[in-house]
Amino acid sequence: MVFNPAFTGINDETNILLISRSQWTEFRNAPQLTIFTVDGNLMDKKIGLGFGLVSDRKGITNRTSGNLYYSYKLNLNESMKLLFGLSFGMVDQSIDFSRAFVENNTDPTLYSDSQHKTSFDGNAGIAFFWKGLEFGAGVPQIIGSKAKPVDNTNSANVRGYYTQVRHYLISVKYKLLIAKEKGISIAPQGLVRFVPGTPFQFDGGLNLDWKDKFWIGATYKSDYAVSANIGFCVHKQLCLGYSYDFITGSIGKFSGMSHEIMINFKFGNNKKPEPVVISTPVTKLENPEYKNQFDKLQEQIKKNQNTLKELNDKFDQQAKKQVVATQKAKSKPPVQSTKPGIEDSDGIFVIGRSDFKDIRNVVAEKGYYVIVGIFFYRDFAKEEVNNFSNRGFKNTSLLYFETNQNNYVFTHKLETKEEAFEKAKEVNASGGSKSWILKLTEE
């Protein structure tokens, strides 16, 4: 229901659900997700209504939302139905900049406060049911609201914002009864998730259920983990579940546990109607009065059979895409040293070229280099190369200094000191970081 409101109120009972998920517990400010929902149906089960609260904390951000959910059921025939769903609510997006771990906390351009931005939220979806088949398609965060933090020193100096990007989800599930007399069924299920600008993600799982009292299953989450889940129900009213992620990627060595707990309480029509056995003698059916009663009982039996418990929907968790090394924060990591060599009377740093390698991993040529940045990580250095190349400095490249393992970004390589000073002035005038000159010599 949280991701596809068409699943609101699909069961005969009124449901109260609580889910708490902890992810990557060894990381500082690790993700913590809490979901609380209430949903049920009315008007002969054609209308589903629900309410949900979601708290999603990641690092220095915390997203709290409250939504109202609505669904409408269209019965195509006795075993086939189509549902449409919408939800609408509010989202409070908070960012606590004081909790950020930065290299230089005296930088005047850093925020120092905690900011809250409130925006509208909405989801839409459809669902199709036919016998044991469940199919759903949803678009969470369909409104795509934005929350912009404000620099209190200069309100125009907003360097970024938080956007609720639309997600596109398709889910399918099929429940197959494999031992009718024992009430044992299996349910393969799958989920495909797409966000513009990112790779497709998919989950595939299999659950084994016994009389809606006990279940066990496993789910494969693409390029991330395999999760195992188990649960049981007491009198088909109180259900408890637990899921644990076995992380398959390299992050699993450092991330700690990723697991979740589910509590679900159902009340209302939670018992399947027992079939009525008619033992009226045939001779009595010949009497019109008894025949009329018999017909009414038969009609009641048919109605009861048509109100058997629907399949419980399982909603699929967004497991966040695994963190990879290239998705680190944009803040630059600390460097081990700054300008190598000896500074001469002209402010040029002079050093032998033997410990420097160019982008081809060969010893750098001697000459004057206009340096615009120093980076410990190569990926950050490459981003800076692209930045200066896009600003018109097409010859921007890298030097790697083996002694301190730093990457030096330069815009020009020149033969004379005069040319180097001239190009350095051009770089400084373009609005970039203040450049300096490195001279590589023969030893």
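Presented here is a report on the structure given in the accompanying data block. (Residues numbered from 1 in each chain as written. Predicted model: local features only at pLDDT ≥ 70, side-chain atom pairs only at ≥ 80, totals over all residues. Heavy atoms only, no water.)

1. Focus: the state of the cysteines
We count it as follows: In this description, a disulfide is simply a cysteine sulfur pair whose atoms lie within 2.5 Å. The rule is simple: take the accessible area with a 1.4 Å probe, protein chains only, and divide by the maximum for that residue type; under 20% is buried, over 50% is exposed, in between is partly exposed.
Throughout the structure, instances matching the rule amount to one disulfide. One disulfide bridge connects C233 with C239, the sulfur atoms lying 2.1 Å from each other. An S-S torsion of about 105 degrees defines the bridge between C233 and C239 as right-handed. Taking the relative accessible area as the measure of exposure, C239 reaches 3% and is therefore buried.

2. A word on the pairing of strand β1 (residues 13-22)
The condition that has to hold: The rule for pairing is simple: two strands pair if DSSP sees at least two bridges between them. Secondary structure follows DSSP: runs of H or I at least 4 residues long count as helices, runs of E at least 2 residues long count as strands, and numbering of each begins at the N terminus.
Bridging between β1 and strand β17 (residues 259-268) involves ten bridges; their strand directions are antiparallel. Across the sheet, the residue bridging to I19 is M262, located in β17. The sheet contact formed by β1 and strand β2 (residues 32-42) spans eight bridges and is antiparallel. Along β2, the bridge assignment pairs R21 with L33.

3. So, unusual backbone geometry
The phi dihedral of Q141 falls on the positive side, at around 55 degrees, and the residue is not glycine. With respect to the helices and strands, Q141 occurs in the loop between β7 (133-139) and β8 (146-147). Positioned with a positive phi, N361 is a non-glycine residue whose angle comes to about 70 degrees. On the basis of relative accessibility, which here comes to 55%, the residue N361 falls in the exposed class.

4. Focus on the sheet that holds strand β22 (residues 397-401)
Where we set the bar: What makes two residues a contact is simply this: any of their non-hydrogen atoms within 4.5 Å. Only the stretch in contact is used when a helix axis is fitted, and all axes are lines through C-alpha atoms; the angle between N-to-C directions ranges over 0 to 180 degrees.
Reading across from one edge, β18-β19-β24-β21-β23-β22-β20 is the order of the seven strands in this open sheet, with mixed pairing throughout. With partners counted over all chains shown, the strands left at the sheet margins are β18 (342-343) and β20 (356-357), one partner each. Here five bridges tie strand β21 (residues 367-375) to strand β24 (residues 436-441), and the two strands are oriented antiparallel to one another. The residue of β24 that forms the bridge with G367 is L440. Against the sheet, helix α5 (residues 417-429) engages β21, β23 (406-414) and β24, with an angle of about 35 degrees to β21.

5. Things to note about the pattern of salt bridges
This is how the line gets drawn: By definition here, a salt bridge exists when the distance from a side-chain nitrogen of Lys or Arg to a carboxyl oxygen of Asp or Glu is within 4 Å.
Inspection of every chain in the model, using the stated rule, returns 15 salt bridges. Residues K221 and D245 are paired through a salt bridge, measuring 3.3 Å at the closest nitrogen-oxygen approach. Note that K221 is positioned in strand β14 (residues 214-221) and D245 in strand β16 (residues 238-247), a separation of 24 residues in sequence. For K221, a relative accessible area of 7% corresponds to the buried category. Linked through salt bridges whose partners overlap, the residues forming this network are R21, K221, D245 and E260.

6. Some thoughts on the nonpolar core
The condition is simple: Here the nonpolar core consists of buried residues drawn from Ala, Val, Leu, Ile, Met, Phe, Trp, Tyr and Cys, with membership extended through side-chain atoms lying within 4.5 Å.
One finds V409 and V427 to be the most contacted residues of the largest nonpolar core, which totals 17 residues. Among the elements of the structure, β21, α4 (378-390), β23 and α5 are those that each provide at least two residues to this core. Not counting chain neighbours up to four residues away, the residues in contact with V409 comprise V370, I371, V372, G373, F375, A381, E384, V385, T396, S397 and L398.

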